[in-house]
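Report on the structure
As a plain string of letters, each chain reads:
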Amino acid sequence: MAQVIEEPERKKGTVRFGTVLPNEKVEDEDFDPFDRHIEVPTANWETYIHFIKGSIGTGCLAMPSGFKSVGYLPGLFFGVFTGALTMMTLHLLMQIKYDVSKKMKYHVVQFPDVCELVMMEGPPSLRWLAKPLPIIVDFFIFWNHLGICCVYINFIADNFDQACHHFSPDTSLAKIHWELIITVVMIVLNQVKNLHFLSPFSSIGNILLTIGLGMVCYYIFRDGLDQPILRPGDVELFGKLYEVPLFMGTFLFASLGIGVLIALEDEMKTPSSYRKNPFGIFNMGFTTIIIIYLFVGVIGYYKYGQLVEGSITLNIPKDDP
């Protein structure tokens, strides 16, 4: 949540998350929600780093499996389509957030509060939803992020466990121990509330992510793509089209962190740069993500074909030095 300086002539709003009303002297037509004071704002490059780190995760490694389900052409088409649809939807949500903030004269409004304010201004027959709707939105966002974090903890612990037993077969640490250790580390990191102070951690995460994807690409390209490993069947231009929803779900799980992507704008020093078309941070960041995901999906599927696993890391030889 953005840390807003409460100047003497300002007063707190009534929205649940304590947003700040504008100076009373500001005329309605001159009020801009982006004209706000953030205690420790994030620069554009820091926002881009957070954007990439908040969107690219273990789901990227599942993209080759998604291409195995639907084939090359549907995978490329629906990958671009899903990415473009997601970008348009998030643009719409953030524009509504801006319009509501401008109309109600709030500088910073969190996403659940946007739902409440919109319903308060909506049709009279639906205004009763204004109070329960933010709770419902918070509920789904909470369980969405909890589920994603559980997947990440399990994935990281599994990799640590395999590496530990490979280099030290007699170790007494089990997978559950790694999960507990990682959970404690994540709890500590989550105590850092300001995105500006989280930038170094996101930078380290992006570096490690680049190294990890580089290692995956090394094993894919090591023997050359022109002579892929022996496998039953060939790669297909068209796979099982009835599995397109599964592919789109995999892509959304891998790329979409709605709670992060919408909130990044609130902490920016120049929030107008976030959605500046066509070269705003949001568009450039999401385009980068789509390219990376489709690239990993295409080369991974071409290399391993029908033998590709749910995570491409499972195709890496375990006895390879």
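Residues numbered from 1 in each chain as written. Predicted model: local features only at pLDDT ≥ 70, side-chain atom pairs only at ≥ 80, totals over all residues. Heavy atoms only, no water.

In the annotation of an unreviewed UniProt entry, the protein chain is listed under the name Proton-coupled amino acid transporter-like protein CG1139 isoform X1 and assigned to Diaphorina citri. The protein chain has a UniProt comment under Subcellular location (unreviewed entry) that states "Membrane". (UniProt positions renumbered as here; feature names shortened; annotations may be inferred.)

When you go through the protein chain residue by residue, the secondary structure sums to 10 helices and 0 strands. Mapped in sequence order, the helices and strands of the protein chain form the string α-α-α-α-α-α-α-α-α-α. Buried residues in the protein chain amount to 42% of all 321 residues. Expressed as a percentage of contacts within the protein chain between residues at least 6 apart in sequence, the contacts between residues at least 24 apart total 80%. Taken as a whole, the protein chain presents about 17600 Å² of accessible surface, with 68% of it coming from carbon and sulfur. (Helix = DSSP H or I, 4+ residues; strand = E, 2+ residues; numbered from the N terminus. Buried < 20%, exposed > 50% of the residue type's maximum accessible area, 1.4 Å probe, protein only. Contact = heavy atoms within 4.5 Å. Areas by Shrake-Rupley, 256 points an atom, 1.4 Å probe, with all protein chains shown as cover.)

Think of it this way: side chains of opposite charge can pair up when their charged atoms draw near. This structure, assessed with the given rule, holds 3 salt bridges. In this structure, the salt-bridge partner of E116 is K131, at a minimum N-O distance of 3.2 Å. In this pair, E116 sits in helix α4 (residues 111-120) while K131 sits in the loop between α4 and α5 (132-167), placing the two residues 15 residues apart along the sequence. You can call K131 exposed: its relative accessible area is 61%. (Salt bridge = Lys/Arg side-chain N within 4 Å of Asp/Glu carboxyl O.)

Attention shifts here to the UniProt feature "transmembrane region" (unreviewed entry) in the protein chain. Under the local residue numbering, the UniProt record ascribes the feature "transmembrane region" (unreviewed entry) to residues 72-94, 135-156, 204-221, 241-264 and 285-304. The span residues 72-94 carries 100% helix and 0% strand; its end-to-end C-alpha distance comes to 33 Å. End-to-end, the C-alpha atoms of residues 241-264 are 36 Å apart, and along that stretch the chain is 75% helix and 0% strand.

Confidence in the prediction of the protein chain, expressed as mean pLDDT, is 77, and 86% of residues score 70 or more. pLDDT under 50 marks residues 1-26. Its contacts with residues more than four places away, or in other chains, come to 63 contacts. (pLDDT = per-residue confidence, 0-100.)

If you walk through the whole model with that rule in mind, you get 16 aromatic pairs. Taken together, a centroid distance of 5.3 Å and an interplanar angle of 80° make the contact between F142 and W143 edge-to-face. Each residue in the set F51, Y274, F282 and F286 is aromatic and connected to the rest through ring pairs, giving one cluster. (Phe/Tyr/Trp six-rings, centres within 6.5 Å; stacked < 30°, edge-to-face > 60°.)

Here the focus is the nonpolar core. Within the largest apolar cluster, 45 residues are counted, with the highest numbers of intra-cluster contacts made by F51, F67, L90, Y274, F282, F286 and Y293. Put simply, the parts of the chain that give this core at least two residues each are α1 (44-55), α2 (63-70), α3 (72-104), α4, α7 (195-221), α8 (244-255), α9 (258-263) and α10 (281-304). It is α10 that contributes the most residues to this core, 11 residues altogether. (Core = buried A, V, L, I, M, F, W, Y, C linked by side-chain atoms within 4.5 Å.)

Running from N to C, α2 and α8 point in directions that differ by 165°, and their axes come no closer than 9 Å. By the angle class used here, α2 and α8 are roughly antiparallel. The way α2 lies across α8 gives a crossing that is left-handed. The segment α2 lies against α8, with M63, G66, F67, S69 and V70 engaging V244, L246, F247, T250 and F251. (Axes fitted to C-alpha atoms, helices over the stretch in contact; angles between N-to-C directions. Parallel < 35°, antiparallel > 145°, perpendicular 65-115°, else oblique. Left-handed = near helix turned anticlockwise from the far one by under 90°.)

On to the environment of L307, then. Mapped onto the elements of the fold, L307 is located in the segment after α10. Between the C-alpha atoms of L307 and S65, which are 242 residues apart in sequence, the distance is 9.1 Å.

So, about a nonpolar patch on the surface. Together, I136, F139, F140, F142, W143 and L146 give the surface a local cluster of nonpolar side chains, amounting to about 630 Å² of exposed area. Structurally, the position occupied by F140 is in helix α5. For F140, a relative accessible area of 54% translates into the label exposed. (Patch = residues over 30% accessible without salt bridge, like charges linked within 9 Å, V, L, I, M, F, W, Y side chains within 5 Å.)

It is worth spelling out α7 at this point. If you check α7, its first and last C-alpha atoms are 37 Å apart, about what 27 residues at 1.5 Å a residue would give, namely 39 Å. The largest bend in α7 is about 30°, located at F201. Taken together, the buried positions of α7 are occupied by L195, L198, S199, S202, G205, N206, L213, V216, C217, Y219 and I220. Here the buried face of α7 lies against α1, α6 (175-189) and α10. (Expected span 1.5 Å × (residues − 1). Bend = angle between axes of the 7 residues up to and from the residue.)

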